[in-house]
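# Fold and geometry: a report
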Amino acid sequence: NKLVRRHPNPMQIIPAILNSKPQAYKNRGKLISLAAHLQTGNEYQCMLYIAEHCLKINDLKTCGEICSILIEHNYGRAWKCSWNLVKMNPMEMNA
């Protein structure tokens, strides 16, 4: 816990975890809990990191679910990820 607080940019721990353990996104609750304990982190930013990671590894369903939640909560930063999702999966928009 002290190590997390001493990290120069604590919120970067979330993307580092996702990069080192690509399946870590499946344990969303633990990542969000960790983000809640980070001094500069917040739940929505953590969720956006997870959505972007899902997009990168082609888990489009999870990415879409998370982006929908973020947009419902008016988290503006989610729009870019949502747009990238639509560009990767345009057929879903017609369903």
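What follows deals with the packing of helix H2 (residues 13–20) against helix H3 (residues 28–37). The N-to-C vectors of H2 and H3 enclose an angle of 155 degrees; their axes lie 10 Å apart at closest approach. Taken together, the axis directions place H2 and H3 in an arrangement best described as roughly antiparallel. Regarding H2 and H3, the two cross each other, and that crossing is right-handed. Contacts from Ile 13, Ile 14, Ile 17 and Leu 18 of H2 reach H3 at Leu 31, Leu 34 and Ala 35. Taken together, the residues of the contact of H2 with H3 break down into seven nonpolar, no polar and no charged.

Glancing now at the packing of aromatic side chains. Per the stated rule, a full pass over the model turns up one aromatic pair. Pairing Tyr 44 with Tyr 75 gives two aromatic rings, centres 5.6 Å apart and planes at 45 degrees, and the pair type is tilted. One end of the pair, Tyr 44, is in helix H4 (residues 43–56); the other, Tyr 75, is in the loop between helix H5 (60–72) and helix H6 (78–88), and 31 residues separate them in sequence. Under the relative-accessibility criterion, Tyr 75 is labelled buried at 12%.

So, about the pattern of salt bridges. As enumerated under the stated definition, the model contains two salt bridges in all. Two residues, Glu 65 and Arg 28, come together in a salt bridge whose shortest N-O distance is 3.9 Å. Taken together, the residues span a long stretch of sequence, with Glu 65 in helix H5 and Arg 28 in helix H3 at a distance of 37 residues. Its relative accessible area of 35% is what places Glu 65 among the partly exposed residues. Among the residues examined, Arg 28 registers a relative accessible area of 25% and is labelled partly exposed.

Looking now at the environment of Ala 51. Relative to the helices and strands, Ala 51 resides in helix H4. Taking C-alpha positions, Ala 51 is 9.5 Å from Leu 85, a pair spaced 34 residues apart along the chain.

Next up on the list: the nonpolar core. By size, the foremost hydrophobic cluster in this structure holds 27 residues, and its most contacted members are Ile 14, Leu 18, Cys 46, Ile 50 and Cys 63. Of all elements in the fold, only H2, H3, H4, H5 and H6 reach the threshold of two or more residues within this core. Examining the composition of this core, we find that eight residues originate from one element, H4, more than from any other. Leave out the neighbours within four places in its chain, and Cys 46 touches Met 11, Ile 14, Leu 31, Ile 32 and Ala 35.

Procedures and definitions
- Residues numbered from 1 in each chain as written.
- Predicted model: local features only at pLDDT ≥ 70, side-chain atom pairs only at ≥ 80, totals over all residues.
- Heavy atoms only, no water.
- Axes fitted to C-alpha atoms, helices over the stretch in contact; angles between N-to-C directions.
- Helix = DSSP H or I, 4+ residues; strand = E, 2+ residues; numbered from the N terminus.
- Parallel < 35°, antiparallel > 145°, perpendicular 65-115°, else oblique.
- Left-handed = near helix turned anticlockwise from the far one by under 90°.
- Contact = heavy atoms within 4.5 Å.
- Nonpolar A, V, L, I, M, F, W, Y, C, P; charged D, E, K, R; others polar.
- Phe/Tyr/Trp six-rings, centres within 6.5 Å; stacked < 30°, edge-to-face > 60°.
- Buried < 20%, exposed > 50% of the residue type's maximum accessible area, 1.4 Å probe, protein only.
- Salt bridge = Lys/Arg side-chain N within 4 Å of Asp/Glu carboxyl O.
- Core = buried A, V, L, I, M, F, W, Y, C linked by side-chain atoms within 4.5 Å.

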